[in-house]
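Okay, here's what each chain looks like letter by letter:
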Amino acid sequence: MREITFVKAMNEAMVEEMERDETVFQIGEDIARMGGISGATKGLIARFGEKRVRQAPLSEAAFVGLAVGAAMAGLRPVVEVMYVDFVTVCMDQIVNQAAKLRYMSGGQVKVPLVIRTQGGGCNAEAAQHSQSLEAWFTHVPGLKVVMPATCADVKGLLKSAIRDDNPVIFIEHKLLYPTTGEIPEGEYTIPLGQGEVKRTGEDITLVATSLMVHRTLVAAETLADEISVEVIDPHTLVPLDMDCIKASVQKTGRLLVVQEACTRSGFGSEIVRRIAEEAFDDLCAAPRVLGAANLPKPYSGKLEIETIPWEADIVEAIRNMVA
Amino acid sequence: MWPRVLRWSPRGKWLECVKQNAGSYNVRPGYCTSTASKHVLDTGSRNDLGRNQPMTIERDKLIEMLRVMQSIRAFECKARELYEENRKQDWNELRATGTMFCAVHSSEGQEAVAVGACAALNPDDYIISTHRGHGHCIAKGADMKAMMAELMGKEGGISKGRGGSMHMFDPEVGLLGSNGIVGGGTPLALGVAFASQYRGTDEVTLCFFGDGAACEGTFHESLNLAALWTLPVVFVCENNEYAVTISAEDSVAGPDIGDRASAYGIPGEVVDGNDVLAVHEAVAKAVSWAREEAGPSLIECKTWRWHAHCTGLPDRRDPDEIYHWTQERDPLPRFEQYLLGQQIITDAKLAQMRKETNEAVEEAVAFGEASNWPDPTTVAEYLWA
């Protein structure tokens, strides 16, 4: 094991996959000299040249659509959309084109495409640069959705996403980029659709992805002496590892989904629905979603802090459910 | 001084104006923007084809182009008929039994664009088509039998009954999809062209779109990016004067969509879209330009949609306008008369071709009817690769 940053882990994943497969290319805004908004593509231009690292103008519809067309024609594009908030200007290409071309063609084409983008708040970037929009994509059949939490996970999941033959929306949390963590030596991948128990416990199951995994782990540790908390990170929302979540809920009898997205119509509701339908008899308390307030993200940190679940909010929610 | 521009007004009159200060195309050296084929619209003589036509096209190819135009006309006519027949039945019953025949967007009247353009392509070149795409598909070599089965929602359909009229795919003939989203196909065409450039092949991608898509934001983004990256793509704007019911006059600013090419520093031409040879000449030049790695170009083909936006919608356009385009400017007899005049075909041959074309469409209908319905248990197939 060795310790590297989240963003370096992503960079390694992309370098390895570009070395491995010549059809993989990068496309997005400011990905060449600057290395992308996060630095994830740093050095790729020097290593692979302009042919495979295509810095695009501010034309999300055109370059995302280009990637979809190129994928249909046999390449494996990795697209960077600078903020998930910007998908609004290329949503047709994702929802009506990428997600549906294979099905509409009766299986004659496939779209092996990764769209990397950053989501999440707590960075004082206000309402148009702080959203958590994963539920928009999980609602559309034909898209896979990945939300990694740790350095080891992001590398293994990004490599799997690039090798996947389907369109994958890969949402990175902007606060995680500089975090560090241990990753395995050598080649490894983490399959899409395989969740992980991040902490074992007996009294309650917490399900979270991305930044919220870290906050739930802190909350679980805070309560270690009084409540035994199990934390599950499904890694991917589509496909969703329901077996992993269900097995945990069958053990603990309680489910709390923690999400940074607005609570209303978020993906947490979907997990609660599945558990209500598939494991109702195992529950000893009503399942809950702890999410963000149904508001645009305010700019002022003093206000934004009120809208997103923090460790203390999670601790309180757990206590309410277990008491 | 630029050539005179003749424009159609919704009041049924030709408006004549003179382009002032149109500027010069800022294109790379080597591409001759033909002023001869620009603005060749005229007042409707049927024997004017090939007037400005310096290309030499093989006799057999000319006959094949006519055959494909006839096929498109017959296919579209039959598709409308089938819809109308289906419509006469109890739709609640058809809905309940899953046997509805979807509305179709007929390309009758626009055959010269599809055929003139696709005749300039090689079998391994690609097209991206539109919601009004049957003609493009047939012209690129798609099988009418599979297309008709697709309209019927059958397993033997060109997209196995999963796509329908607006989503026909056949990668074997370079058809990478017609598209139900106006303006949705132009970015895809960039990607297909990009893949050819990336691999170092000499394939060209031809992107059909209409006057409606020229009003979408993707038009600008796509031409800008294609020009920047010298992508081997030919944008063929099939300006049929109407986007659903709004006329181009009421929706497209500026004199001609083709003129927008100059804003991107790429070649652009405006041709009579009802003159199959004029379309062919312009597109062939654009395809060579793309194949020689010189980049994209934009060809606007001025044509006219014969029917309402789609079956089931009323057509409230001016009767004089309808008469003019369907009776005086029909691209099919224009080409037939030209070929007769050039003694490339005879009346007997023409009659025989029409008969064979109609038979081919009837065979397509029979094939579609005989094809199996998709197995309901396979509904989730093809979602994931």
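As the structure is a computational prediction, the values presented were derived from the model and not from experiment.

The rules behind these values
- Residues numbered from 1 in each chain as written.
- Chains lettered and ligands numbered in written order.
- Predicted model: local features only at pLDDT ≥ 70, side-chain atom pairs only at ≥ 80, totals over all residues.
- Heavy atoms only, no water.
- Phe/Tyr/Trp six-rings, centres within 6.5 Å; stacked < 30°, edge-to-face > 60°.
- Helix = DSSP H or I, 4+ residues; strand = E, 2+ residues; numbered from the N terminus.
- Salt bridge = Lys/Arg side-chain N within 4 Å of Asp/Glu carboxyl O.
- Buried < 20%, exposed > 50% of the residue type's maximum accessible area, 1.4 Å probe, protein only.
- Pairing = 2+ DSSP bridges.
- Axes fitted to C-alpha atoms, helices over the stretch in contact; angles between N-to-C directions.
- Contact = heavy atoms within 4.5 Å.
- Buried area = accessible area lost by both parts, 1.4 Å probe.
- Polar contact = N/O pair within 3.5 Å; in protein donor to acceptor, adjacent residues only side chain to side chain.
- Nonpolar A, V, L, I, M, F, W, Y, C, P; charged D, E, K, R; others polar.
- Domains from an automatic or database assignment.
- pLDDT = per-residue confidence, 0-100.

Quick look at the packing of aromatic side chains now. In this structure the tally under the stated criterion is eleven aromatic pairs over all chains. With a centroid separation of 5.2 Å and 50° between ring planes, the pair formed by Y83(A) and F86(A) is classed as tilted. Judged by centre distance (5.6 Å) and plane angle (55°), the rings of F209(B) and F219(B) are tilted. Of this pair, F209(B) sits in strand β4 (residues 205-210) while F219(B) is found in helix α7 (residues 217-228), placing the two residues ten residues apart along the sequence.

Residues and elements named next belong to chain A. Here the structure, examined in full by the defined rule, presents 42 salt bridges over all chains. The salt bridge partner of E172 is R116, with a shortest N-O separation of 2.7 Å. A residue pair is termed long-range when its members are at least 10 positions apart, and E172 in strand β7 (residues 167-173) and R116 in strand β5 (residues 113-119) qualify at 56 residues. The buried category is assigned to E172, whose relative accessible area is 1%. By relative accessible area, R116 is classed as buried at 1%. Through salt bridges with shared partners, one network takes in R2, E12, E16, E17, R20, K155, K159, R163, E185 and E187.

Here the focus is the sheet that holds strand β11 (residues 229-233) of chain A. All names here are of chain A. Across the sheet, which stays open at both edges, the five strands sit in the order β9-β11-β10-β13-β14 with mixed pairing between neighbours. Strand pairing shows two members of the sheet lacking a second neighbour, β9 (196-199) and β14 (288-292), which therefore form its edges. In this sheet, adjacent strand axes meet at a mean angle of 30° when their direction is disregarded. In this fold helix α10 (residues 267-278) packs onto β10 (204-207), β13 (255-262) and β14, with an angle of close to 155° to the strand it touches most, β13.

With 46 residues of chain A at the contact, the number on the chain B side is 38 residues. In total, about 3,400 Å² of surface goes out of reach between chain A and chain B, with carbon and sulfur atoms giving 66% of it. Its largest share of buried area at the contact with chain B, chain A owes to L66(A), Y103(A) and M104(A), together 20% of the area lost on that side. Here chain A is connected to chain B by zero salt bridges. Here chain A and chain B share 18 residue pairs in polar contact (both at pLDDT 80 or more) between them. Listed by contribution, the elements that provide at least two residues to the side of chain A that touches chain B are β2 (24-28), α2 (44-52), β3 (53-55), α3 (60-72), α4 (91-98) and α5 (101-104) of chain A. With ten residues, the single largest contributor to the side of chain A that touches chain B is α3(A). Here the residues of the side of chain A that touches chain B sort into 21 nonpolar, 15 polar and ten charged.

Think of interface size as the accessible area that goes away when the parts come together; that is how it is often given. All names here are of chain A. Segmentation of chain A into domains returns domain 1 (2-183) and domain 2 (196-322). Centre-to-centre separation of domain 1 and domain 2, based on C-alpha positions: 26 Å. Tallying the contact residues gives 25 residues for domain 1 and 26 residues for domain 2. Of the roughly 2,000 Å² buried at the junction of domain 1 and domain 2 (both faces included), carbon and sulfur atoms supply 62%. Taken together, the connections running from domain 1 to domain 2 amount to one salt bridge. Of the charged contacts in the structure, one is a salt bridge between K198 and D153, with a shortest N-O distance of 2.6 Å. At the boundary of domain 1 and domain 2, one finds twelve residue pairs in polar contact (both at pLDDT 80 or more). Looking at the side of domain 1 that touches domain 2, the elements that each hand over two or more residues are α6 (134-138), β6 (144-146) and α7 (151-163). A breakdown of the residues in the side of domain 1 that touches domain 2 according to their chemical character gives 14 nonpolar, eight polar and three charged.

Among the secondary structure elements, T218(B) is positioned in helix α7. Look past the residues within four positions of T218(B) in its chain and what remains in contact with it is A61(A), G183(B), T186(B) and P187(B).

Another aspect to go through is the side chain of D21(A). All names here are of chain A. Take D21: it is sitting in the loop between α1 (6-20) and β2. Residue D21 is classed as buried on the basis of its relative accessible area of 19%. Reaching out from D21, the side chain makes a polar contact with the side chain of T23 at a distance of 2.8 Å. Those residues within four positions of D21 in sequence are excluded, and the remaining contacts are R52 and R76.

A separate point is the sheet that holds β6(A). Residue and element names in this part refer to chain A. Taken in spatial order, the seven strands make up an open sheet running β3-β2-β4-β5-β7-β6-β12, and their pairing is mixed. Looking at which strands have only one partner, the edges of the open sheet turn out to be β3 and β12 (236-238). Strand-to-strand twist of the sheet, defined as the mean angle between neighbouring strand axes without regard to direction, takes the value 20°. Note: strand β4 (residues 76-81) against β5, four bridges, orientation parallel. Of the residues in β5, the one forming a bridge with V78 is V114.

Okay, helix α12 (residues 331-341) of chain B next. All names here are of chain B. Burial within α12 is extensive, with nine of its eleven residues counted as buried. Within the span of α12, buried status applies to P331, L332, P333, R334, F335, E336, Y338, L339 and L340. Buried residues along α12 sit against α1 (59-88), α3 (111-118), β8 (268-272), α10 (276-291) and α13 (347-370). Capping of α12 at its N-terminal end is provided by D330; its side-chain oxygen lies 2.9 Å from the backbone amide nitrogen of L332.

Now for the confidence of the model for chain B. Residue and element names in this part refer to chain B. Within chain B, residue pLDDT values average 88, and 86% of them lie at 70 or more. Throughout residues 1-48 the model reports pLDDT below 50, and contacts reaching past four residues in sequence, or to other chains, amount to 110 contacts. Reported confidences for the modelled complex are a pTM of 0.92 and an ipTM of 0.96.

Turning our eyes to something else, we now look at the environment of D30(A). Residues and elements named next belong to chain A. Mapped onto the elements, D30 comes out in the loop between β2 and α2. Overall, D30 belongs to the partly exposed group, its relative accessible area being 28%. The sequence separation of D30 and P296 amounts to 266 residues, and the corresponding C-alpha distance is 27 Å. Residues contacting D30, with those up to four places away along its chain left out, are G35, G36, Q55 and M82.

Attention shifts here to the pairing of β4(A). Each regular strand displays side chains that alternate between the two surfaces of the sheet. Residues and elements named next belong to chain A. With respect to burial, β4 is a largely interior element, six of its six residues being buried. Of the two faces of β4, the one carrying R76, V78 and E80 and the one carrying P77, V79 and V81 are both buried. When β2 meets β4, the two strands line up parallel, connected through five bridges. Along β4, the bridge assignment pairs F25 with P77.

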